[in-house]
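Okay, here's what each chain looks like letter by letter:
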2 protein chains.
Amino acid sequence: MTAEPIRSMAFAARQAGILLSASSIDLRNAALLSIADAIRRRLPEIIEANERDVAKAEAEHLSAPLISRLHFGEQKASRVIDGLKALALLPDPLNRVQYASELAEGLTLYRTTCPIGVIGIVFESRPDALVQISSLCLKSGNAVLLKGGREAMETNEALQQAILEGTLHAGIPEGWSQLLHTRQDVDEMLKQDDCIDLIIPRGSNAFVHHIMQNSAIPVLGHSEGICHVYVDASADIPEAVRITVDSKAQNLSVCNAAETLLVHAACADVFLPAVAVALRERGVELRGDKRTRALIDCVPATEEDWHTEYLDAILSIKVVDSLEEAITHINKYGSRHTDSILSQDDAAIEQFMTLVDSADVFANCSTRFSDGFIFGFGAEVGIATGKIHARGPMGLEGLCTYKYKLYGHGQTMADLNAGKFSLTHRKLDTER
Amino acid sequence: MTAEPIRSMAFAARQAGILLSASSIDLRNAALLSIADAIRRRLPEIIEANERDVAKAEAEHLSAPLISRLHFGEQKASRVIDGLKALALLPDPLNRVQYASELAEGLTLYRTTCPIGVIGIVFESRPDALVQISSLCLKSGNAVLLKGGREAMETNEALQQAILEGTLHAGIPEGWSQLLHTRQDVDEMLKQDDCIDLIIPRGSNAFVHHIMQNSAIPVLGHSEGICHVYVDASADIPEAVRITVDSKAQNLSVCNAAETLLVHAACADVFLPAVAVALRERGVELRGDKRTRALIDCVPATEEDWHTEYLDAILSIKVVDSLEEAITHINKYGSRHTDSILSQDDAAIEQFMTLVDSADVFANCSTRFSDGFIFGFGAEVGIATGKIHARGPMGLEGLCTYKYKLYGHGQTMADLNAGKFSLTHRKLDTER
């Protein structure tokens, strides 16, 4: 595709986005149910398209986990349809009054939520992600340009047909959701900073950084999860073993799996042998620093290991002398995603929760809970590892911004300066 | 300054920022008062430094308004000191629980506010801005790298001495605030995306865009204000004249002054002659489209005019046939800063407030009210014209982000999947 069509697509999305921002919640909810109907109706052709994608992936000898994520059959369709119905039941994230204040008599300020506008999202090869992302954008009144994984191209096209059929039928403005097809399309999209308000890239650190370097559009990166479990001196050892195993091995290929284990020297001699047995049972390779290797048999960990998101059955381990050393290690090598302290000492927990500079800081539970569904947000468009706008699992609220509305009765600055009226700054109830 | 020192400065700021994030509100407030004392104590040398800056600016024949903004004497010092004392009285923006939810029995999620971390701010030649920005960052627990205008260099150095003396004396970690000196320093700062969390450039659209194009760090732009006043068919004519004059002429050189006036055709023949007289009395040059020129004597407006922030005694005027045409014009040519509708028709007001895609949308009052002090935020680090994170006047709340804290009692994902406990998603009171 040449540059011109992408520019036109972005412009059409901006136009549709402005209309969508004023649409009623009833219309947006009806459209979500209409998408569910259209997916159900078009399911045979969606499944056929998916079979072609899967056959191609198998012919190209892609990995088994990737092919499993690519697969979209009756079961995943049902889950996607249930998700649409659940989303339609959630309250409207738009037009909420977050703040209200009487600035002066008859001069009232409201801060109300509104959509961000047009969002560009680049996501991986999981076709159900297309429906999840589109439906979150629709519910929050945002127009969206989407680029999915190459491997899922035919499935995504078939799903997109259903999404557009459903929303046009319900009366959502055309242009609100559009698929991009190539990397060149993405590069072109990054230049449309007058039409696109936010880019959400889901992928590796290097990919997210590439996007940030190449666009003047704000970027909300969902990048690597170099998540840590820190076992404090006062940890309950059997519980710490269970949580470490869950954080590392319950699902190896997810961003909220732990990659590094930090262990306080005071409990390392008891904890490390116990956890090593449990992790080896799950087939996890252990890579330790010198003090770890003095206590359990494992491969030496290098500087590179502390920086690595394995997404695999490997765990790096380091013994530390203090809570402070653990916090410093996490702030240096972590990816500001999710880090968990296992401790019975409330003061240590509070220090960890305050000083670890990550979106999600956990105490005495698994890093695997860093998830939009678990958090109760329904779903997520990503786990934001940056610090601006939204952090952690990003659901409907993260897809909204706000605007200030000021209602007056003829007030001017000249009159204020002349003392004809004065500022009251009286905080009001946010119910209008 | 070479690249290395900027890198070291950013690293030192990150270290100081982490400590500052855990500092008590009492410490931060004491530090604000300690800055006020230090400015009072060092005032003679600050005023001497300012006299040298002003003498240099006069020798270089800088404009009178610029020299007036550059001036820092006893009166501005008193205002700055009052500002510091007022800021110390505001509530702590940190550690506020925004959201609390019981995810499952004994598994409790809190979303609490925390500082952004390290902020890089480039601001114009107004020395009082240095104190305002630094103090807002300090109160919100952020470390800051600052680059002020070249013209105010000596004054800024003297003020910074006072700021650092005050905060070090109070016990704030060294490195929390540092001054940059050259444009090369700024270019180098833009590369420190592993240490700096946010850049706030205050300046022209072109300058803000240059920063966005040249950094992987998130940017919160305070750029141009191409603000509109739209006079609706149903406007109260005398009030509309007063508000238009105030929006344009009460202060010509500020970003919240109006640059374009849109007038509904139904009232143009009555309103335009009246406003023309009032604006000409204030020395404002009028530039109109064809229909405006048919009603009042004025210079022809070109396409360029609709895009221009004059910051001067010039106003462009266009007659529109409908509210929709006015909204479309504003969304096309405006800078998403502040736009005001003057109307007696509530439905028209609501349509304008919803569909105009700007941070601040006003009804029946002056665009000049778009200001952190007027809004009741004490002060502002800028007026954010982007849509991500913060919009409009950006005070203490805009300088914070949040983190999710999850407190458990040994819960694992494996146990959840095995049905050993279940999600409750019970919303909790945000008081802990």
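The structure reproduced in this document is the subject of the present report. Residue indices begin from 1 for each chain and proceed along its sequence in written order. Think of it this way: whatever chain is written first is A, whatever ligand is written first is 1, and the rest follow in order. Confidence filtering applies because this is a predicted model: local features only for residues at pLDDT of at least 70, side-chain atom pairs given and counted only at 80 or more, and all residues used for totals across whole chains, interfaces and linings.

Remarks on the relation of the copies chain B and chain A
Here comes step 1: Between the two copies, chain B and chain A, the superposition gives an RMSD of 0.0 Å; the rotation angle is 180° and the shift along the axis is 0.0 Å. In the structure described here, the two chain copies are related by an operation that fits a two-fold rotation axis. The C-alpha atom lying nearest the rotation axis in chain B is that of His389(B); the distance is 1.8 Å.
Here comes step 2: Mapped onto chain A, 98% of the interface residues of chain B are again interface residues, and the two copies thus contact each other with one and the same surface. Alignment of the copies relies on least squares applied to C-alpha atoms, considering only residues that score at least 70 for pLDDT in both. What counts as a contact is two residues whose backbone-derived C-beta atoms lie within 7 Å of each other.

Thoughts on the sheet that holds strand β4 (residues 143–147) of chain A
Residue and element names in this part refer to chain A.
Here comes step 1: Ordered in space as β5-β4-β3-β6, the four strands form an open sheet in which the pairing is parallel. Edge strands, defined here as strands with exactly one partner in the open sheet, are β5 (177–179) and β6 (198–201). Strand after strand, the sheet turns through a mean of 15° between neighbouring axes, direction not considered.
Here comes step 2: For two strands to pair, DSSP has to find at least two bridges joining them. Numbering goes from the N terminus for both helices and strands, where a helix is a DSSP run of H or I of at least four residues and a strand is a run of E of at least two. When β4 meets β5, the two strands line up parallel, connected through three bridges. Across the sheet, the residue bridging to valine 144 is serine 177, located in β5.
Here comes step 3: Here an angle of 0 to 180 degrees is reported between the N-to-C directions of two axes, which are lines fitted to C-alpha atoms, with helices fitted over the stretch in contact. On top of the sheet, helix α6 (residues 127–139) reaches β3 (118–122), β4 and β5; it is set at about 165° to β4, its chief contact.

Describing the interface of chain B and chain A
Here comes step 1: Contact with chain B, which involves 62 residues of that partner, is made by 61 residues of chain A.
Here comes step 2: No other element matches the 11 residues that strand β16 (residues 400–411) of chain B contributes to the side of chain B that touches chain A.
Here comes step 3: Across five bridges, the pairing between strand β13 (residues 360–365) of chain A and β16(B) is parallel. Among the inter-strand pairings, Ala363(A) is bridged to a residue of β16(B), identified as Tyr407(B).

Some words on the packing of helix α2 (residues 25–41) of chain B against helix α6 (residues 127–139) of chain B
Residue and element names in this part refer to chain B.
Here comes step 1: Here α2 crosses α6 at 160°, and the two axes come no closer than 9 Å. Of the possible angle classes, the one that applies to α2 and α6 is roughly antiparallel. Crossing angle aside, the handedness with which α2 passes α6 is right-handed. Residues Arg28, Ala31, Leu32 and Ile35 of α2 form the contact with α6, whose participating residues are Ser135, Leu138 and Lys139.
Here comes step 2: For this classification, the nonpolar set comprises Ala, Val, Leu, Ile, Met, Phe, Trp, Tyr, Cys and Pro, the charged set comprises Asp, Glu, Lys and Arg, and every other residue, Gly included, is treated as polar. When the residues that make up the contact of α2 with α6 are grouped by side-chain class, the tally is four nonpolar, one polar and two charged. If an angle is under 35 degrees, it is roughly parallel; if it is over 145, roughly antiparallel; if it lies from 65 to 115, roughly perpendicular; otherwise it is oblique. If you view the pair so one helix is near and one far, a crossing is left-handed when the near helix is turned anticlockwise from the far one by less than a right angle, and right-handed when it is turned clockwise.

Examining the pairing of strand β2 (residues 107–115) of chain B
All names here are of chain B.
Here comes step 1: Counting buried positions along β2 gives eight out of nine residues, so the element sits mostly inside the fold.
Here comes step 2: Sheet topology places strand β1 (residues 97–104) next to β2; six bridges connect them, and they run antiparallel. Directly across from valine 97, in β2, lies its bridge partner threonine 112.
Here comes step 3: Linkage of β1 to β2, two consecutive antiparallel strands, is achieved through a turn of two residues, within which glycine 106 is found at a positive phi near 75°. Residues are called buried when their C-beta atom has 20 or more other C-beta atoms within 10 Å, exposed when it has 12 or fewer, and partly exposed otherwise; all C-beta atoms are positioned from the backbone.

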